[in-house]
Amino acid sequence: MSLAILNDPAPDAVVARLRTPSQEWVEACTGEPGTFFPVVDIDNGGYQGKGGVVGWTAEPAEIFAGHYGKDDVIPASCDCVGVYGSEYHLMKMPTGEISVYDPNGWDSASGMASAHEFASAAHAGAAIALLAAVVKELDRLDDLEGEEVDEDAREEALEAALQEFGEFVEALPRDLGGAHFWEAATQSLVGHYEP
């Protein structure tokens with residue numbers, strides 16, 4: 001069974017939407033109106049969009065210490081817009097660029113951050129919206145019940161859908177950004193749904 005979100009109307013259209021998302025597409029994926037960066041929890045995908053950490057304002061000088069050249073400007077502030085595993089998605093203001101920060105990893109003494117994952121809040125929001133839509137479809141496959149659907153058929157449908165998502169992620173253009181996010185998302189989904 002094919003994942004509708006990846007094939008409607010065509011895979012190339014999905015990549016185009018990730019590059020230049022519309023608010024309408026983000027809303028259609030998540031059911032969350034009025035924002036490019038949806039505040040949604042994607043439990044099976046490992047993404048936490050709600051909770052006490054969201055809205056937390058970071059100290060950029062501490063978090064990004066050692067990751068800026070002498071001519072670079074440290075962001076005025078960073079707002080946490082979501083958490084993926086133990087990694088915080090921080091929106092650097094005023095640029096709107098999303099960076100990934102792990103307060104428990106890499107180098108907790110200086111709050112080491114990775115290179116930016118997404119070029120803008122809109123792009124990161126589109127990625128989260130797409131992941132939410134994929135999880136909705138996988139949940140429906142996982143919940144298949146009835147006399148006409150046996151366990152083997154359910155597992156085959158899930159395996160095919162997970163493989164399709166993995167191939168989609170592998171084929172994403174390298175300049176799109178968010179590689180770490182997509183790799184982690186694939187691992188989370190396989191870990192949750194695979195028999």
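Owing to the predicted nature of the structure, the values given are computational and were not obtained by experimental measurement. (Residues numbered from 1 in each chain as written. Predicted model: local features only at pLDDT ≥ 70, side-chain atom pairs only at ≥ 80, totals over all residues. Heavy atoms only, no water.)

1. Comments concerning the pattern of salt bridges
If the charged atoms of two oppositely charged side chains come close together, the side chains can form a pair.
Logical step 1: Following the criterion strictly, the structure yields three salt bridges and no others.
Logical step 2: The shortest N-O distance in the salt bridge between Asp-142 and Arg-154 comes to 2.5 Å. Remark: Arg-154 occurs in helix α6 (residues 151–170) and Asp-142 occurs in helix α5 (residues 121–142); sequence separation between them is twelve residues.
Logical step 3: On the accessibility criterion, Arg-154 (14% relative accessible area) is buried.
Logical step 4: Overlapping salt bridges, with partners in common, bring together Asp-142, Glu-151 and Arg-154 in one network. (Salt bridge = Lys/Arg side-chain N within 4 Å of Asp/Glu carboxyl O. Helix = DSSP H or I, 4+ residues; strand = E, 2+ residues; numbered from the N terminus. Buried < 20%, exposed > 50% of the residue type's maximum accessible area, 1.4 Å probe, protein only.)

2. Re the environment of Pro-94
Logical step 1: Relative to the helices and strands, Pro-94 is located in the loop between β4 (87–93) and β5 (97–101).
Logical step 2: You can call Pro-94 exposed: its relative accessible area is 75%.
Logical step 3: Here the alpha-carbon distance between Pro-94 and Cys-78, two residues 16 residues apart in the chain, equals 8.7 Å.

3. Observations concerning the confidence of the model for the protein
Logical step 1: Summary statistics for the protein give a mean pLDDT of 79 and a share of 76% for residues scoring 70 or more.
Logical step 2: Helix α1 (residues 4–7) holds the highest mean pLDDT among the elements of the protein, 92, whereas helix α4 (residues 60–63) holds the lowest, 63.
Logical step 3: Note on residues 106–114: pLDDT under 50 across the span, and 23 contacts to partners over four residues away in sequence or across chains. (pLDDT = per-residue confidence, 0-100. Contact = heavy atoms within 4.5 Å.)

4. Examining the packing of α5 against helix α7 (residues 179–193)
Angle between the axes and distance between the axes: these two values describe a pair of packed helices.
Logical step 1: Where α5 contacts α7, the two axes come as close as 12 Å, and the packing angle between them is 15 degrees. In terms of orientation, α5 and α7 fall into the roughly parallel class. Two packed elements cross with a definite hand, and for α5 against α7 that hand is right-handed. Touching Ala-127, Ile-128, Leu-130, Leu-131, Val-134, Val-135, Leu-138, Asp-139 and Asp-142 of α5 are Phe-181, Trp-182, Ala-185, Leu-189 and Tyr-193, all from α7.
Logical step 2: A class-by-class count of the residues in the contact of α5 with α7 yields twelve nonpolar, no polar and two charged. (Axes fitted to C-alpha atoms, helices over the stretch in contact; angles between N-to-C directions. Parallel < 35°, antiparallel > 145°, perpendicular 65-115°, else oblique. Left-handed = near helix turned anticlockwise from the far one by under 90°. Nonpolar A, V, L, I, M, F, W, Y, C, P; charged D, E, K, R; others polar.)

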